[in-house]
Amino acid sequence: MDHDAGMTPKAARALQAFFTGGRHEQVVAVAHEAARRGRRTGLPQDLPDALLDALRSAGVDALFGHQAAARDLLAAGENVVVSTGTASGKSLCYQLAVLEAFAADPQARALFLFPTKALAQDQARKLNRFRLPGVVPAIYDGDTPQDQRPLLRRSATILLTNPDMLNVGILPGHERWAEFLHHLRYVVLDEAHVYRGVFGSHVAQVVRRLRRLCREYGADPRFVLTSATIANPGPLAERLVGVPFAVVDEDQAPRPERTVVLWNPPLEDAAAGTRRSTLAEASYVTAECVLAGARVISFAPARKAAELVHGHVRRRLEDRGRKGALDRVQPYRAGYTPEQRREIERRLFSHELDAVVATQALELGIDVGDLDVSLVIGFPGTVASLRQRWGRAGRGGHGYAVLVAGQDALDQYFMREPDRLLGRNVEEAVIDLHNPHISGPHLEAAAYERPITADDEGFFGEQGLLQTERLAQAGRLRRRGDGLVWSHPYSPASRIGLRTASNEQFAIVESRQGEVIGTVERERVFRVCHPGAVYLHLGNSYLVRHLDLETRTIVVDDFDGSYYTHAKTDKNVLIAGQADVRELPGAVLFAGDLEVTEQVISYQRRDMTDGHVIDTASLDLPEQTFSTQAFWLVVPQPTLDGALVGLSEIDDLAAPGALHAAEHAMIALLPLYAMCDRWDIGGLSTPWHWQTDAPSIFVYDGYPGGIGLSRRGYDVFESLAEAARVLVAECPCESGCPSCVQSPKCGNLNEPLSKAGAVALLAGVLRQRADAPA
């Protein structure tokens, strides 16, 4: 066994015994991934001498096979997407191409886009190690002082920024960037797997606006995308950018041996399905790893969870007489200053810390050195994200990748079916280029930047140009010559939030200091920020005191109470259009458009420790209606009746309970097929719908216009429904629990639900026996 230089053989033996010695019933699966030697090739000898010297002085004396392949494709004029594992040297693929371009043309420029500021800082440090004359990397983001920005525009040869700054700070003022855009040779989108769903759909529009302005200034840059391993790197890259891509996805970097451990908190009440606290279990495992002599990173699902785990680990170390180790355990989360985050990264990289409890802020490719254990607290929503986090450990020796399961249905599905996780392919990243709620504001921004004409069809497509005509009819755009321009004297780009499909944002204001701590879109505001709601933002809890619809303001106070809130919603759907249909063995499946009407009518306060209802309060809020994409399942009455035969709970609630529970199970597992969160998806089930004239289940995108999530569900429905049946059938609870059919976001407060009915119904739809094996 190879060991990290920071872990002694004694520590390695202790860690192995802890996870694989059979001492813990919580360990439900252990898998070993063999070490991989990797394939290297020498540095290309046709590189300029100065660049060869710079590479060698930075410690680069050879290329991995995939790095060499990317270099050859870029040299041949291709756009390239590199999709390989964590710590495989993806950044060198574009660094080498850009530095080679500078050697040939000192006027060349490059634009590097990162989804977070921390990644830009990390990449700037890596670029500076090459010390090539004339290569000037510079960070340009919201933290860049105003008085430094003109100098950066003139002097930077590599501009490191993010899509938000490109949208609001560069493209609207492109005249000031004319020289930079004219000489632009490369555009890099790092961590491209992050650009999915609503965020990715926005970024695709921002990139098209960039390409359009590059054409105006006589440039045609090549694009390089890097991504964690995902199922569709080529199609994602082409949809993001709008040009053909060559794919490099054979990872030829060496990889040390890795042990994967699935850890399930023990049941405390088998009938109710409740388990010991996930945070308590994660704290125990983290502390034991530190006591064994390992270096650990633990990923918490939220800021508050990271602080709680950090506190539990310190107390456990203190109880074990290791007070000297307390200062070597540190939380890492959003909310720290950039200087604080950089200091934690430095201490972690230089082995001054034994454990860091982090949020997803450290998931992406920031170099924090060699760690022994990466522990993920609760399944993070996608296999791609899980593997990205697991990849933070074991870079220099044998690593341990641990998942401590939560109570959620998806977590428990994997604990009961570990092979379905360990052998699972990564998901497809989904984006939508034609959601009018997303494309419309970007077309308006593009029309401000320069008139939109028929020549722009190559950027925005035929549908985009048709949409500009509708915007003109609505008075949003006006004609100037043969083009359309924005109707107002200011740029609309500042009103575009890249992480929401809504054009209407409510500001969340902290009452004591009047600070705006965040925003929430109109479509979600009544559900999550109604008066009396406990709202979680960046891991902190706030109590909503006032919701002002006219000023679109939410006033909140700090909250440290011991309860949470759950809204009850009345919901109706109208089928607005049918796009596809197919027959199933026991039902009919449709895809198309819905109009969803929701009204939040009350909310419950629930105890944080055990979830019991403290009280219920009524609300008087208006209805909301939005259009979106959906799939819906129409169940013939004989199929439903057959599913209910033999169930003990045959009553008026048996049919709605079976439909409702099946809906929840499918929504819980849809993130396995489309890179999303269950909160991105809505649903409705009913024993009779007036348009289908039959029992029906509707599953829809939770964003105005939709982003393609439910379409993916339609495409993989048979696999999704079977996985949902297995999830519910194999849960050890008696009548349904949060690990199978109960949903944390249910607008009907998880009533009614029939666990047995859901199993029988899904089996009937697929024409299987309800007790069929997985």
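Rules used in this analysis
- Residues numbered from 1 in each chain as written.
- Predicted model: local features only at pLDDT ≥ 70, side-chain atom pairs only at ≥ 80, totals over all residues.
- Heavy atoms only, no water.
- Helix = DSSP H or I, 4+ residues; strand = E, 2+ residues; numbered from the N terminus.
- Rg over C-alpha atoms; globule rule 2.2 N^0.38 Å.
- Buried < 20%, exposed > 50% of the residue type's maximum accessible area, 1.4 Å probe, protein only.
- Contact = heavy atoms within 4.5 Å.
- Areas by Shrake-Rupley, 256 points an atom, 1.4 Å probe, with all protein chains shown as cover.
- Lys, Arg positive; Asp, Glu negative; His and termini not counted.
- Charge placed at Lys NZ, Arg CZ, Asp CG, Glu CD.
- Salt bridge = Lys/Arg side-chain N within 4 Å of Asp/Glu carboxyl O.
- Pairing = 2+ DSSP bridges.
- Axes fitted to C-alpha atoms, helices over the stretch in contact; angles between N-to-C directions.
- Phe/Tyr/Trp six-rings, centres within 6.5 Å; stacked < 30°, edge-to-face > 60°.
- Lys NZ or Arg CZ within 6 Å of the ring centre and 35° of its normal.

Caption draft 1: How the structure looks around the overall build of the protein chain. Helix and strand content of the protein chain: 24 helices and 31 strands. At 27 Å, the protein chain has a C-alpha radius of gyration in line with the 28 Å of a compact globule built from 774 residues. Considering only C-alpha atoms, the protein chain reaches an extent of 80 × 75 × 55 Å along its principal axes. Here the protein chain holds 774 residues, and 60% of them are scored as buried. Put simply, of all contacts in the protein chain between residues at least 6 apart along the chain, 72% involve residues at least 24 apart. When the accessible surface of the protein chain is summed, it comes to about 30,700 Å², and 48% of that surface belongs to carbon and sulfur atoms. Side-chain charges in the protein chain split into 82 positive and 97 negative, and the spacing between the mean points of these groups amounts to 5 Å.

Caption draft 2: Structural context of the pattern of salt bridges. Across all of its chains, the model carries 30 salt bridges by this definition. In this structure, Glu449 engages Arg209 in a salt bridge whose closest nitrogen and oxygen atoms are separated by 2.6 Å. One end of the pair, Glu449, is in helix α17 (residues 436-449); the other, Arg209, is in helix α9 (residues 197-216), with 240 residues separating them in the sequence. Classification of Glu449 by relative accessible area gives buried; the value is 5%. Look at Arg209 and you get buried, because its relative accessible area is 0%. A salt bridge links Glu281 to Arg276, with the nearest nitrogen and oxygen atoms 2.0 Å apart.

Caption draft 3: Inspection of the sheet that holds strand β21 (residues 505-510) at higher detail. Spatially, β22-β21-β25-β24-β23 is the arrangement adopted by the five strands of the open sheet, whose pairing is mixed. Looking at the sheet topology across the chains shown, the edges are occupied by β22 (516-521) and β23 (534-537). Each strand of the sheet is rotated relative to its neighbour by a mean of 40°, with strand direction disregarded.

Caption draft 4: Representation of the packing of aromatic side chains within the structure. All told, the structure shown has 18 aromatic pairs when counted by the stated rule. Where Phe19 meets Tyr400, the ring centres are 5.3 Å apart and the plane angle is 25°; that geometry is what we call stacked. Here Tyr400 lies in strand β18 (residues 399-404) and Phe19 lies in helix α1 (residues 9-20), a separation of 381 residues in the sequence. When its relative accessible area of 2% is taken as the criterion, Phe19 is described as buried. Three or more aromatic residues joined by ring pairs form one cluster here, namely Phe18, Phe19, Trp263, Tyr284 and Tyr400. A cation sits over an aromatic face here: Arg149 above Tyr140, 5.5 Å from the ring centre. One residue, Arg582, lies across the ring of Tyr714, its end atom 4.7 Å from the ring centre.

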